[in-house]
Amino acid sequence: MTVVAPQPLPKIATGIAGFDEISYGGLPRQRTTLLKGGPGSGKTVFALQCLVNAVRKRKERGIFVAFEETTGQLLANAGTFNWGLPAMMKKKLFFLDARLSPEVVQSGEFDLSGMLAMLKAKKEELGAGWIVFDGIDVLLTLLRDPAAEMREIYRIRDWLAENGMSAIITAKTEGGLSDAVNYDFMQFMVDCVVRLNRRLEHGVSLHRLQITKYRGSDFMAGEFPLAFDATGMDVAPPEPAEIRHPASTERISAGFERLDKMLGGGLFRGSSTLITGLPGTSKTTLAGKFAEAACRRGERTLFVSFDEGADPIVRNLASVDIQFRRHLKSGLLRMYSARTESTGPEDHLAKVKALIRDHSPRCVVIDPISAIAKAGAVEAARAVASRLIYMLKDRGITVFLTAINQGDDPAAEATDLQVSTIADTWIHLSYLIRSGERNRALTIIKSRGTWHSNQVRELVLSSGGPVLADVYTAGGEVLMGTLRWEKEDEERGKTLQRRAEFDHKRRELQISEADTHARIKGLEHDLERQRAELALYSSDNEARIVSSSEREKELRRIRSADPAKRNGSNGSRK
Amino acid sequence: MAHASKTLRLRLYVAGGAPNSVRAIANLAAICKEHLQSAFKLEIIDVLQFPLRALADGVLVTPHLTKLSPSPATKIVGNLSDRGRVLDALGIRK
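Computed from a predicted model, the values in this text were never measured in an experiment.

A. Fine view of the overall build of chain B. For chain B, the helix and strand inventory stands at three helices and four strands. Starting at the N terminus and walking to the C terminus, you meet the elements of chain B as β-α-β-α-β-β-α. Across the 94 residues that make up chain B, the buried fraction comes to 35%. Once local pairs closer than 6 in sequence are excluded, the contacts in chain B between residues at least 24 apart make up 68%.

In structure tokens form, the structure reads like this:
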């Protein structure tokens, strides 16, 4: 990593996203910058965008000298950007069509002293601080003399220095007509050199930008990816080496309760989730469920789909009760669909970035992220995918990515975009074909920082929405679909049988309990009777004893027996 | 066809005393002397003095020679050292 150096050179911000970062402030003020690169590498766009931003942001005036294209061509090309160039051309920007018409006859050597005199007059009339010489090589080649070319380059340099203008000179260096000699010399002459490069990788054009020289200033070395969107050029600065994502402990729903439970309570806010699977394994449905849940929480959500239109997605998701329409209507949900054929991954990234700036979502779905590699530029796509994920993480946005993998092996994803190594949670969807059925199985392969279920679940789609069902294993085989249903049925049958058996047993027990009760009752009866009998017997006996003594008294009284005698007898007996 | 029937009107744009401009004036003078006698009108404009006018006239590099009439109008850039091309362009060679 380079360190920001003290700035001996005053700089002017170009307003080109990313470039001011890698150049630590922009282009050198009142100095000359050389932009070199092959045809179509973005030199003209860079130069024009600098001028447009100077006019817009600092109310400066500029001159654009076009050696290669007519003003009409330039305007047509710039028309793809929202710069409002035609309005600026009235008073703020002066375009000089400096192509030497083929009808002009050349006889002997010419020079630029006249042109520079005219430009000086124009500069003073306009108050211009900026000048662009676009495609200077085209004119200089007409001199057909390296010494003369060098002389004219010197002339321009002196003129720029005298007039104190900030200048951009563009020149084709690769695949152009000119020999590189003079441009090496030009690199020596200018204060800053920016190299633009476009190459084709598997039919996709990839743009790169590199600062190769910056006199008196430090800059970030290396090639940086370049993308174009409606605002112009966008340079992707390097990701900071240090990762500083705040780690949230807030859990949010992944869309449905069962999945949240499998994830130990939901997804962490700001985390990234990757869903892999073959086509048709319901990746979009899961992603849709997540997006819908986010909208229901009132969170702004962005749904990016590649190679499938927003309308069919909305319709298809509605069939499994995932309703996007009202969220689209309320503006909470924003959908963006793009084709991936022949569009570079960088441009997709730029577009998604712009959407995020514009919509500021808290949740994002990208379905499928693997599509950005479809056009073939795998290496670039890989870099874009990771930059995208880090960019979302830096903003604390929770993201759901889907990826189509080849074959049913989840590890196949790892060889492709390598998103799985960056993603916090990785859910894999697969098919299980058995007994003439194709069923969907959901597995959580990883989920960082949280407990998660290690069990396979069956994903069942119905008009009521996706549902996760338990799966059975029987004899070491996972049962799903009808087999699962049969197994469930069997389980239900067994339960019923168990219940019947239980009922039967209970009734039996109740009967024997009643029987015992009855027997207890009988015995109690016996006991009572015996007690009664016993009581009866005891009282009878007592009565007999009482009556016998009474009878003896009575007898004595009747016989007038001497009680004393009796007592005496008793006493004598004592 | 290159008779003095119609007056040849020429305009030469130069950049002050720049070497190519000085050379162009000399070359043109020689051509006129040899091929045109007196049947021509030449106007020399110094771009350093009238830059905005030259710009409006469509001048880019100097020296720049324009044949205003007879038509067709032609433009020649350079110090006019290639006399053959100048004569062709002005239509004054047999």
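There's plenty left to go through after this.
B. How the structure looks around the overall build of chain A. Helix and strand counts for chain A stand at 17 helices and 25 strands. Across the 574 residues in chain A, those meeting the buried criterion constitute 40%. Contacts in chain A between residues far apart in sequence, at least 24 positions, make up 72% of those at least 6 positions apart.

C. Main features of the sheet that holds strand E18 (residues 363–367) of chain A. Residues and elements named next belong to chain A. Sheet architecture is open: nine strands sit in the order E17-E16-E18-E19-E15-E20-E21-E22-E23, paired in mixed fashion. What marks the edges here is a single partner per strand, and that holds for strand E17 (333–338) and strand E23 (465–470). Each adjacent strand pair in this sheet contributes to an overall mean axis angle of 20°, direction not counted. As paired strands, strand E15 (residues 272–277) and strand E19 (residues 398–404) are joined by six bridges and run parallel to one another. If you follow Gly277 over to E19, its bridge partner there is Ile404. Across the sheet, helix H14 (residues 378–394) touches E15, E18 and E19, and the angle it forms with E15 is around 145°.

D. Summary view of helix H5 (residues 113–126) of chain A. In this model H5 of chain A runs 20 Å from its N-terminal to its C-terminal C-alpha over 14 residues, within 8% of the 20 Å that 1.5 Å per residue would give. What H5 of chain A keeps buried is the set Ser113, Gly114, Met115, Leu116, Ala117, Met118, Leu119 and Lys123 of chain A. Where H5 of chain A is buried, its residues meet strand E4 (62–66) and helix H7 (146–163) of chain A together with strand E1 (8–14), helix H2 (51–56) and strand E3 (64–69) of chain B. Looking at the residues trailing H5 of chain A, positive phi occurs at Gly127 of chain A, about 75°.

E. Spotlight on the interface of chain B and chain A. Each partner contributes residues to the interface: chain B has 28 residues there, and chain A has 20 residues. Elements that contribute at least two residues to the side of chain B that touches chain A include exactly H2, strand E4 (74–77) and helix H3 (83–90) of chain B. Judged from the two bridges that link them, strand E6 (residues 105–106) of chain A and E4 of chain B form a sheet pairing that is parallel. In the strand pairing of E4 of chain B, Val105 of chain A is matched with Ile76 of chain B.

F. Quick look at the environment of Val105 of chain A. Tracing the sequence through the fold places Val105 of chain A in strand E6. Excluding its chain neighbours within four sequence positions, the residues that come into contact with Val105 of chain A are Thr74, Lys75, Ile76, Arg85 and Ala89 of chain B.

G. A look at the confidence of the model for chain A. Residue and element names in this part refer to chain A. Of the residues in chain A, 88% have a pLDDT of 70 or more, and the chain-wide mean is 82. Below pLDDT 50 for its whole length, residues 175–181 participates in nine contacts with residues either more than four positions away or in separate chains. Note on residues 566–574: pLDDT is under 50 here. Beyond four places in sequence and across chains, it has one contact.

H. Quick look at the pairing of strand E11 (residues 224–229) of chain A. All names here are of chain A. As paired elements, E11 and strand E12 (residues 232–235) share four bridges and run antiparallel to each other. Its bridge partner being in E12, Ala227 is matched across the sheet by Asp234. With antiparallel pairing between neighbouring strands as the criterion, E11 and E12 make up a hairpin whose turn holds two residues.

I. Seen up close, the sheet that holds E1 of chain B. Spatial ordering of the open sheet is given by E6(A)-E4(B)-E3(B)-E1(B)-E2(B), a layout of five strands whose pairing is mixed. Either end of the sheet is taken by a strand with one partner, and the two such strands are E6 of chain A together with strand E2 (40–46) of chain B. Relative to E3 of chain B, E1 of chain B is paired through five bridges, and the arrangement is antiparallel. Of the residues in E3 of chain B, the one forming a bridge with Leu12 of chain B is Leu65 of chain B.

J. Examining the nonpolar core more closely. Residue and element names in this part refer to chain A. Ranked by internal contacts, the top residues of the largest apolar core, which has 152 residues, are Leu51 and Val65. A total of nine residues in this core trace back to one element, the largest contributor, which is helix H2 (residues 43–58). If you count residues domain by domain, this core takes at least three from each of domain 1 (11–235) and domain 2 (251–470). Excluding residues within four positions of it along the chain, Leu51 makes contact with Gly62, Phe64, Leu93, Trp130 and Val132.

K. Quick peek at the packing of H5 of chain A against H7 of chain A. All names here are of chain A. Contact pair H5 / H7: the axes reach a minimum separation of 11 Å and the direction vectors enclose 20°. As the angle between them shows, H5 and H7 are arranged roughly parallel. In this structure, the crossing between H5 and H7 has a hand that is right-handed. Residue-level contacts link Ser113, Leu116, Lys120 and Lys123 of H5 to Arg155, Trp159 and Asn163 of H7. Classifying every residue of the contact of H5 with H7 by side-chain character gives two nonpolar, two polar and three charged.

L. Structural context of unusual backbone geometry. Note that the residue after Asp367 of chain A, namely Pro368 of chain A, is joined by a cis bond; omega there is -10°. Residues Thr62 of chain B and Pro63 of chain B are joined by a peptide bond in cis, for which omega reads -5°. Counting through the fold element by element, Pro63 of chain B comes out in the loop between H2 and E3. You will see that Gln30 of chain A, though not glycine, has its phi angle at about 55°, which is positive. A count of 16 C-beta atoms within 10 Å places Gln30 of chain A in the partly exposed class.

M. Spotlight on the packing of helix H13 (residues 345–359) of chain A against H14 of chain A. All names here are of chain A. The N-to-C vectors of H13 and H14 enclose an angle of 15°; their axes lie 9 Å apart at closest approach. In terms of their interaxial angle, H13 and H14 are classed as roughly parallel. Both H13 and H14 take part in a crossing whose hand is right-handed. Seen from H13, the contacting residues are Pro345, Glu346, His348, Leu349, Val352 and Lys353; seen from H14, they are Ala380, Ala381, Val384, Arg387, Leu388 and Met391. Looking at the contact of H13 with H14 residue by residue, the class counts come to eight nonpolar, one polar and three charged.

N. Local environment of the environment of Phe303 of chain A. All names here are of chain A. Mapped onto the elements, Phe303 comes out in strand E16 (residues 301–306). Residues Phe303 and Val364, 61 residues apart in the sequence, show an inter-C-alpha distance of 5.9 Å. Look past the residues within four positions of Phe303 in its chain and what remains in contact with it is Ala291, Leu333, Met335 and Val365.

Here is what the cut-offs are and how they apply
- Residues numbered from 1 in each chain as written.
- Chains lettered and ligands numbered in written order.
- Predicted model: local features only at pLDDT ≥ 70, side-chain atom pairs only at ≥ 80, totals over all residues.
- Helix = DSSP H or I, 4+ residues; strand = E, 2+ residues; numbered from the N terminus.
- Buried ≥ 20, exposed ≤ 12 C-beta atoms within 10 Å, placed from the backbone.
- Contact = placed C-beta atoms within 7 Å.
- Pairing = 2+ DSSP bridges.
- Axes fitted to C-alpha atoms, helices over the stretch in contact; angles between N-to-C directions.
- Expected span 1.5 Å × (residues − 1).
- pLDDT = per-residue confidence, 0-100.
- Core = buried A, V, L, I, M, F, W, Y, C linked by C-beta atoms within 7 Å.
- Domains from an automatic or database assignment.
- Parallel < 35°, antiparallel > 145°, perpendicular 65-115°, else oblique.
- Left-handed = near helix turned anticlockwise from the far one by under 90°.
- Nonpolar A, V, L, I, M, F, W, Y, C, P; charged D, E, K, R; others polar.

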